[in-house]
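Summary of structural features
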Amino acid sequence: MTLFSTFPSSAARLLLGSVLALGLASCDSDDEPEAVDIPSNSVLVLNEGNFQKANAEVSVFSKNTNEVLYKSAFSAANKESLGDVAQNISLQGSTAYIVVNNSNKLEAVSLPNFKRVGKVENLKLPRYFVANGSKGYVTETIAYDGQPGQVSVINLNSYSVAKTITVGKQPERLLLVGNRLYVTNSGDNTVTVINTTTDQVEGTITVGDSPNSLAQDFEGNVWVLSGGKVAYNADYSVDYTRTTKGSLAKIIPGQLTVATTLEMPSNLSSPNRLTINGTKNELFYTYQNGVYLYPVGNATLATSPIIRRNFYALAVDPVDRTVYGGVASFTSTDKVIRYRTGAPGNAYTAIDSFSVNIGPNGFVFN
Amino acid sequence: MRFVSCLRCYPQLLGAALGVTATLPAAAQSGLPAPDSARTQHLPLVRVPGVRPDRFAVGSRRFTLDSLALTTYRTGTLADVLNARTALYLKNYGPGQLASITMRGTSARHTAVLWNGFNINLPSLGEADFALLPTSGATQVDIQPGPASATYGNGAVGGTVLLSSQTRWGAGWRGSMQADYGSFGLRAGNLEANFSNQKLAVRTSLLYRQADNDFFYYEGRTRRQQVNAGLQQASLTQDFTLRLGQRGELLAAVWLTDADRQIQPGIGTNNTHAQERDQSRRLMAGYRYVSTRHEWTARAAWFEDIINYRDDVSGLSESKVRTTQAQAEHTWGFAPNASLRVGAEAQHFEAQVDGYGARPRTENRFSGFALFRYDPRPRLRLSLNVRQAVLPGRQPPLTPTAGAEWVALETPQHAVSLKASASRSYRVPTLNERYWRPGGNPDLLPEEGLGYEGGVVHVLTLEPTHLRLQTELTGYRQLVDNWVQWTPGATYWSPRNLRQVRAQGLEASTQLGWQPGAYQLTARASYAFTHSEKTKGTAADSDPVGRQLPFTPLHTAAFSTDHLWHGWQLNTTLNFTGLRYTDASATDFLPSYLLLNATVGRTIAVAPSWKLLVLAQGYNLTNLSYQSYDNRAMPLRHGALSLRVLWR
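Residues numbered from 1 in each chain as written. Chains lettered and ligands numbered in written order. Predicted model: local features only at pLDDT ≥ 70, side-chain atom pairs only at ≥ 80, totals over all residues. Heavy atoms only, no water.

**A few points about the overall build of chain A**
This is how it is decided: Here a strand is any run of E in DSSP of at least two residues, a helix any run of H or I of at least four, and the numbering for each starts at the N terminus. Here the globule rule reads 2.2 Å times residues to the power 0.38, and the radius of gyration is calculated from C-alpha atoms. The buried label goes to any residue with under 20% of its type's maximum accessible area, the exposed label to any with over 50%, and the partly exposed label to all in between, with areas taken from a 1.4 Å probe on protein chains only. Residue contacts are defined here by distance: any two heavy atoms, one from each residue, within 4.5 Å place the two residues in contact. Areas reported here follow the Shrake-Rupley algorithm with a probe of radius 1.4 Å; residue values treat only the protein chains shown as occluding. Positive charges are assigned to Lys and Arg, negative charges to Asp and Glu, while His and the chain termini are left out of the count. Throughout, a charge is located at the NZ atom of Lys, the CZ atom of Arg, the CG atom of Asp or the CD atom of Glu.
A tally of helices and strands in chain A yields two helices and 27 strands. Here the C-alpha atoms of chain A give a radius of gyration of 23 Å, agreeing with the 21 Å that 2.2 N^0.38 yields for 366 residues. Dimensions of chain A, computed from C-alpha atoms along their principal axes, come out at roughly 85 × 50 × 45 Å. Taken over 366 residues, chain A has a buried fraction of 55%. Within chain A, contacts between residues separated by at least 24 positions form 43% of all contacts whose residues are at least 6 apart in sequence. Surface exposure of chain A reaches about 14700 Å², of which carbon and sulfur atoms provide 49%. Counting 28 positive and 30 negative side-chain charges, chain A places the centres of these two groups 3 Å from one another.

Right, here's the structure in full:
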């Protein structure tokens, strides 16, 4: 009541209060770039952000101090938003490449200051990227109408598209092995092999339905994880009578056929996010709301997880075998949980967690 | 223009018998201060021989935007009016884009929007897009914040917006025509014609507007031009009231709206050339019969709401929902100081929505209500209302409302009233929440609210200078349970009854009317403090408790002035919107902003019955770069010129 006891003073106070608030707000958005200095022995966490909100970001976690150094490194360093739906981050030397799916672009930033060094725009729903010296390869969905996707060859000196190569439907993660590039076509049941010397398709390998991720083991073999094809009823509930099981396939480089296929125990869940440890003898993947481990060479796949938690991002520290899991709510500040184990075969236990931005979906270790 | 002046007495006989003089604004009705004295300036001739539903809304805050407040926005939308003139926050996805309201710390689904007594929220989304409701569709907008399901039915949890057209009897022929020319390709025109004698009243209003909205904005330090944000919009309103004898009245109304909008992409997001066509066809007809102690009303309405969306990535998605509804009520004034209204409502929805699958979904909802008003003493007013809804599947609880108002002090200069109310409210899950595939959850429970409010109203009247200062302070608290939230599942998102939300706050408003001579001033200031947070959640709800809900500003304020002097007019609006968190953990936020708009105009009499009004309107005069909603650009300083021809 006192605030509005008399009219003129209330108006004046209101005005004054608003102006003050405005002044504070403009102080918040200080225009001077905030220095970013990413030390070695840190982990870059890619936060996907909310669709259409262009709030994708990169958070930086220091393994030295076990704390988050920068929650929003890209905007801190570049004074602009990273973009809408960041899908993938990868590192080559001191350059990090970030694929921003719904901004149709690839951003290149240099470490340690995280400033932009290049940008490729007008891609077509790009998904994942791999660098190969002065060339880079990015998978692009183009559209979800059943047409094949493509891989664009990027000139990393001029940041321009040098060539596009048609692959299968909805190409996802890709892996460089020598002068071969393996591309998972998640809308099909194939892996496209591209010769990186000629940038021509060398052949297509048939794998399980919906391949989504892949890794190379210590023997040089390529493991391709397929999610299995999910069939829906008319009401979009899953029809498990027609849904196929996920599988893990081994490809020997140079061959255009699968050497071994291991089938998942159940079709109730789609395995995804295949990743490998530093010594390249343990494959990790997400499946049935948990993390599963496959020691390379085992005859069968595990039926129980090493971690019972649903992750949107999964990575294994190549140095100390710490497992990083990203928990994504998409509504609030999300977190990353870290797990460790003693000797191989021992249980993985959570050691700590840290807050990042919205929707962590990938990690790179610097 | 005069303050409260003459009142024709013919229908008051009936009104008095019913214990009301519903023809009048609340101030004249009972000594209770009018929520908006501007209303009293313009509606002295109104005579509606019925009992308005707000008669049963004793103890609740309520305020009105009358034709004077609306007239500056004649070619605009309710989003423009509410944003500029009230302390309500509407999430605005860009100029002319989706504008979704939040009242008292709840979501847009918790605001009931009623047109001539019928809920016009889109049944699929359960909310209204205020940018699709042109101002010309109604001549009066009443806003009642707070829960009031007993009176207004489904969704009146955070508040209710009531759109109506007040009938002026015996005013003869009147008409006006307006053309607007403004920034970013704004072209608009409005044509309005009115006729009334003592038997028939007709109003026709036509609106067309288009804009390119290719304004410049800043992304960081980079100046960019907005793409894909153009729109075309049209509206036709036809109101018709016919008196049948001394006691009967037939009313009918048509409101057609059509908007073809490009959907403004977020800053830094891919332009997928999204486009949306929104068409609503609303027809209603009713009959009212008033006797000495009784009033009977029957009304029926038919709505068709079409939303067709298209973009490059997802293709076309079509939605058509038809709503047929009927209401019947009987009011009995069994004593001079007591009246009772009982009634029932039936609604039938038929939805042909791509997202629900090929076959149409139908749903029936019913409710019955009893509203009781009793004034035990001249200065004490009480109401007790109750409604029970009947829904498919789960039942909402009985929703009662009890309210009281007491005029504590009444002198020629001062009037002080105290008021309080308590109310239960409910919200039925929307058709999308129930049927959307994948994810729709037919087992959702209705949301339930339990709220209280109390307040004080002071009115100062100084007759010599025609000064009237009305100040109101209201405090409220509400708990909403079974709050529905969409959450990610294994393969798709699904809505679930996840949490309890507590909203509490304070609302202060003051309004000054002053007419010392030829100069006339109306000034309004309002402030809202809104504290809304999740208090409990199920295990599946990962959002933290105890944080201010996203897109719910803690502080909002509005200050407007209207000056009239010898044909000149100046209108200013200043609106403050506090910071809004953009995530459930209340870490990221959009900064607060203060928007200043002003209009200068001159009315010139060009012939005995003809007047010309020239208006220059300026928006965002401080050239502020701001966002109302996350990542959607808003225009910097811009303006419009209007020319209005008034006949009689």
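We are not done yet, so read on.
**Regarding the nonpolar core**
Side chains of nonpolar character tend, in soluble globular proteins, to be buried together. Residue and element names in this part refer to chain B. This is how it is decided: In this text, buried Ala, Val, Leu, Ile, Met, Phe, Trp, Tyr and Cys residues form a nonpolar core when linked through side-chain atoms within 4.5 Å.
Ranked by internal contacts, the top residues of the largest apolar core, which has 33 residues, are Phe130, Ile143, Val161 and Leu163. Top contributing element to this core by residue count: helix α5 (residues 78-85), with five residues. Excluding residues within four positions of it along the chain, Ile143 makes contact with Arg61, Arg62, Phe63, Leu65, Leu82, Thr86, Leu88, Met103, Thr160 and Val161.

**Concerning the interface of chain B and chain A**
Spelled out, the test is: Joining two parts hides part of their accessible area as seen by a 1.4 Å probe, and the buried area is that hidden amount summed over both. Between Lys or Arg on one side and Asp or Glu on the other, a salt bridge is scored when a side-chain nitrogen of the former is within 4 Å of a carboxyl oxygen of the latter. Residues adjacent in sequence count toward polar contacts only when both atoms are side-chain atoms; beyond that, a polar contact is any pair of N or O atoms within 3.5 Å, and within protein one must be able to donate a hydrogen and the other to accept it.
Facing 50 residues of chain B, the contacting portion of chain A comprises 40 residues. Between chain B and chain A, the buried area comes to about 3500 Å², and carbon and sulfur atoms account for 62% of it. Among the residues of chain B in contact with chain A, Arg221, Asn270 and Arg437 of chain B are the three that bury the most area, contributing 15% of the side total. There are one salt bridge connecting chain B and chain A. A salt bridge links Lys53 of chain A to Asp630 of chain B, with the nearest nitrogen and oxygen atoms 3.6 Å apart. Taken together, chain B and chain A are joined by 13 residue pairs in polar contact (both at pLDDT 80 or more).

**Regarding the sheet that holds strand β4 (residues 86-92) of chain A**
Residue and element names in this part refer to chain A. We count it as follows: Two strands qualify as a pair provided DSSP detects at least 2 bridges between them. Where helices are involved, their axes are fitted lines through C-alpha atoms of the stretch in contact, as for all axes, and angles between N-to-C directions lie from 0 to 180°.
Read from one edge of the open sheet, four strands run β4-β5-β6-β7, paired in antiparallel fashion. Since the sheet does not close on itself, it has two edges, and those belong to β4 and β7 (115-120), each with one partner. In this sheet, neighbouring strand axes are inclined to one another by 20 degrees on average, regardless of whether the strands run parallel or antiparallel.

**Some details on the packing of aromatic side chains**
Which entries qualify depends on this criterion: Two aromatic rings, drawn from Phe, Tyr or Trp (for Trp, its six-membered ring), form a pair once their centres lie within 6.5 Å of each other, and the interplanar angle then sorts them: stacked below 30 degrees, edge-to-face above 60, tilted otherwise. Here, over-ring charges are defined by two tests on the NZ atom of lysine or the CZ atom of arginine: distance to the ring centre within 6 Å, and angle to the ring normal within 35 degrees.
According to the stated counting rule, one finds 30 aromatic pairs over all chains in the structure shown. An angle of 70 degrees between the planes, with centres 5.8 Å apart, marks the rings of Phe311 of chain A and Tyr339 of chain A as edge-to-face. Pair noted here: Phe311 of chain A is in the loop between β22 (290-295) and β23 (313-316) and Tyr339 of chain A is in strand β25 (residues 335-340), with a separation of 28 residues, a long-range link. Each member of the pair, Phe311 of chain A together with Tyr339 of chain A, is buried. Judged by centre distance (6.3 Å) and plane angle (15 degrees), the ring pair of Phe372 of chain B and Tyr374 of chain B falls under stacked. An aromatic cluster of at least three residues, connected via ring pairs, comprises Trp115, Phe118, Trp255 and Phe303 of chain B. Positioned above the aromatic ring of Tyr476 of chain B is the side chain of Arg104 of chain B, whose terminal nitrogen or guanidinium carbon lies 4.3 Å from the ring centre.

**Digging into the confidence of the model for chain B**
Fine structural detail should not be taken from predicted coordinates in areas where pLDDT scores are low. Residue and element names in this part refer to chain B. Note the following rule: What pLDDT reports is the predictor's confidence in each residue, on a scale of 0 through 100.
Summary statistics for chain B give a mean pLDDT of 89 and a share of 92% for residues scoring 70 or more. Averaged over each element, pLDDT in chain B is lowest for helix α2 (residues 26-30) (32) and highest for strand β4 (residues 111-115) (97). Considering only residues more than four positions removed or in separate chains, one finds that residues 1-48, a stretch of pLDDT under 50, has 121 contacts. Here the predicted complex scores 0.85 on pTM and 0.76 on ipTM.

**Looking at the confidence of the model for chain A**
Within chain A, residue pLDDT values average 89, and 90% of them lie at 70 or more. Scored below 50 in pLDDT, residues 1-30 of chain A makes 36 contacts in the model with residues more than four places away or belonging to other chains.

**What about α5 of chain B?**
Summarising burial for α5 of chain B: six of the eight residues are buried, a large majority. Within the span of α5 of chain B, buried status applies to Leu78, Ala79, Val81, Leu82, Ala84 and Arg85 of chain B.

**A few points about the side chain of Arg365 of chain B**
Residues and elements named next belong to chain B. Looking at the secondary structure, you find Arg365 in strand β19 (residues 361-377). Given the relative accessible area of 7%, Arg365 is considered buried. A distance of 2.9 Å separates a polar atom in the side chain of Arg365 from a polar atom in the side chain of Glu363. Setting aside chain neighbours within four positions, we find Arg365 in contact with Asn154, Glu345, Ala346, Gln347, Phe349, Val390, Leu391, Pro392, Val428, Pro429 and Leu431.

**What to know about unusual backbone geometry**
Leu111 of chain A connects to Pro112 of chain A through a cis peptide bond whose omega is 5 degrees. Phi is positive for Ile142 of chain A, close to 70 degrees, though the residue is something other than glycine. Of note, Ile142 of chain A is situated in the loop between β9 (135-140) and β10 (150-155). Among the residues examined, Ile142 of chain A registers a relative accessible area of 23% and is labelled partly exposed. The backbone of Asn213 of chain B sits at a positive phi, close to 50 degrees, despite the residue not being glycine. Secondary-structure assignment places Asn213 of chain B in the loop between β10 (200-211) and β11 (216-219).

**Let's talk about the sheet that holds strand β8 (residues 126-132) of chain A**
All names here are of chain A. Overall, antiparallel pairing links the four strands, which are arranged β8-β9-β10-β11 in an open sheet. Looking at which strands have only one partner, the edges of the open sheet turn out to be β8 and β11 (160-166). The mean inter-strand angle of the sheet, taken between neighbouring strand axes irrespective of direction, is 25 degrees. Where β9 lies against β10, six bridges are found, and the strand directions are antiparallel. Its bridge partner being in β10, Val138 is matched across the sheet by Ser152.

**A look at a nonpolar patch on the surface**
Selection criterion: Any residue with relative accessible area above 30% and no salt bridge may belong to a patch, with like charges joined within 9 Å and the nonpolar Val, Leu, Ile, Met, Phe, Trp and Tyr side chains within 5 Å.
Taken together, the side chains of Leu244, Leu250, Tyr287, Tyr289 and Trp296 of chain B present a nonpolar region at the surface, about 420 Å² in accessible area. Note on placement: Tyr289 of chain B falls in strand β15 (residues 275-290).

**Some words on the environment of Ser417 of chain B**
The residue Ser417 of chain B is located in strand β22 (residues 414-427) in this model. When the C-alpha atoms of Ser417 of chain B and Arg109 of chain B are compared, they prove to be 32 Å apart, with 308 residues separating the residues in sequence.

**Some remarks on the pattern of salt bridges**
Residues and elements named next belong to chain B. Going through the model one piece at a time under the given rule, you end up with 45 salt bridges over all chains. Two residues, Arg61 and Glu507, come together in a salt bridge whose shortest N-O distance is 3.1 Å. Of this pair, Arg61 sits in the loop between α3 (38-42) and β1 (63-65) while Glu507 sits in strand β25 (residues 493-514); the two residues are 446 residues apart in sequence, bridging distant segments of the chain. By the burial criterion, Arg61 is buried, and Glu507 matches it.

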